[in-house]
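Residue-level structural notes
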Amino acid sequence: MTTYHTISIDGLDIFYREAGSRDHPTILLLHGYPTSSHMFRNLIPALADKFHLVAPDYPGFGYSAMPSVDEFDYTFDRLAEVMAGFIDAIDLKHYSLYLMDYGAPIGYRLATQHPERVETLIVQNGNAYEEGLGDFWKPMRAYWQNRTPENADWVRQTMTGDATKRYYTTGAKNLENLSPDTWILDQALLDRPGNQEIQLALKYDYQSNLLLYPQWQAYLRQYQPPTLVVWGKNDRGFLVEGAYAYKRDLQNLEFHLFDTGHFALEEDGKAIANHIRQFLTSRL
C-alpha cells in the first residue's frame, strides 16, 4: 500500500508518497505543474508489487512546505537542490527517474550531477528540446524578456480555475475519463495566499532550463541511459515534436505516443504502467 511521509530538508517539510519494497528497483517520480505527487496516485499502486516508488512534492507544491518568495528562492536550481537533499536523506543510491513537465528540468539537473545513480529514464511530456515549445510559450517568452505587471498578468491567466482545468482536458480523448478531483485539488493549492507569486517566480525562471538544454542533450548522448518515452501527443504546452527529438540523441530508446493530452496518466495510466513494467523488467 502507499504510505505518506514528511521529512525535513534544509528546514523545509517535504511531503512524499512511497510504496513497494526497497529490495526492488526504485522509481523516483517527479511531478509537473500545476499538480503534485497526487498525479501518481494510481501509478504507484499499479507498480508497487515489483518496484519501490517514491514521489515527493516540491516546495510550494502539494503538501510540502510553502515558504514565501521572500523566504525561499523559487528557482529550478533551488528545487533541484532540495530534491538532491531529499534523495540523500531517504538514502536512495540508484533509481529510475520519471520526468514529467517541471519534473524534467529538476530531474535532468539531478541526472547531470550524478549520472552514476540513474538507471533509466521514463519521460512523460518532459521537455528537453526547443522543438517541444510551441505557441503556448509566447506569453511566457514575453514575460522573460520584460517582467512588467502587464506581462505578469498574462502569465497569471495560466493559474485560473479554467486554465488549470484545460491542462487536463485539452487533447483528451474523452472528458468522461477525467476526474474533476485533479484540477479542483490543484486549483485549491494554487489559490493559497502567496502561491501565485511562487508560481510567477518559477515561470520566470523557466527560461534557465532552455539554456541548459544543450547540457542535458550532451548527457543523453554521452551516458545513453535506457529511456522510455510515453507521451501524450496532443499536449499543446510540450509538443509531440519534443518527444521525437529524443530520438536524435538516444540509442537505447523505447517510444510510445498516446492519443491524449498533457496529463497522459489520467487517460492512459494502465497502458503506461504496463510499458514501465515491461521496460524496467527488461533493462534492470
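Look up: the structure comes first, before these words.
Rules and cut-offs
Residues numbered from 1 in each chain as written. Predicted model: local features only at pLDDT ≥ 70, side-chain atom pairs only at ≥ 80, totals over all residues. Heavy atoms only, no water. Helix = DSSP H or I, 4+ residues; strand = E, 2+ residues; numbered from the N terminus. Buried < 20%, exposed > 50% of the residue type's maximum accessible area, 1.4 Å probe, protein only. Contact = heavy atoms within 4.5 Å. Pairing = 2+ DSSP bridges. Axes fitted to C-alpha atoms, helices over the stretch in contact; angles between N-to-C directions.

Let's shift gears to the environment of Ala80. Here Ala80 is to be found in helix α2 (residues 76-89). By relative accessible area, which is 2% here, Ala80 ends up buried. Beyond its immediate sequence surroundings of up to four residues, Ala80 is in contact with Ile106, Arg109 and Leu110.

Next up on the list: the sheet that holds strand β5 (residues 95-99). Strand order in the open sheet formed by eight strands is β1-β2-β4-β3-β5-β6-β7-β8, and the pairing between neighbours is mixed. Of all strands in the sheet, those bounded by a partner on one side alone are β1 (3-9) and β8 (253-258). Averaged over neighbouring strand pairs, the angle between their axes works out to 20° when direction is ignored. Sheet topology note: the strand β7 (residues 227-232)/β8 ladder contains six bridges and is parallel. Paired with Thr227 across the bridge in β8 is Leu253.

Looking now at unusual backbone geometry. Residues apart from glycine generally show negative phi values, whereas peptide bonds are mostly found in trans. The step from Tyr33 to Pro34 runs through a cis peptide bond, and the omega angle for that step is 5°. Inspection of the secondary structure puts Pro34 in the loop between β3 (26-30) and α1 (43-47). Of note, Asp10 is a non-glycine position whose phi angle comes to about 50°, a positive value. Relative to the helices and strands, Asp10 resides in the loop between β1 and β2 (12-19). Residue Asp10 is classed as exposed on the basis of its relative accessible area of 53%.

Moving on: the environment of Pro25. Structurally, Pro25 can be placed in the loop between β2 and β3. As for Pro25 and Leu284, which are separated by 259 residues in sequence, their C-alpha atoms are 7.8 Å apart. Contacts of Pro25, omitting those with residues within four sequence positions, involve Lys50, Phe51, His52 and Leu284.

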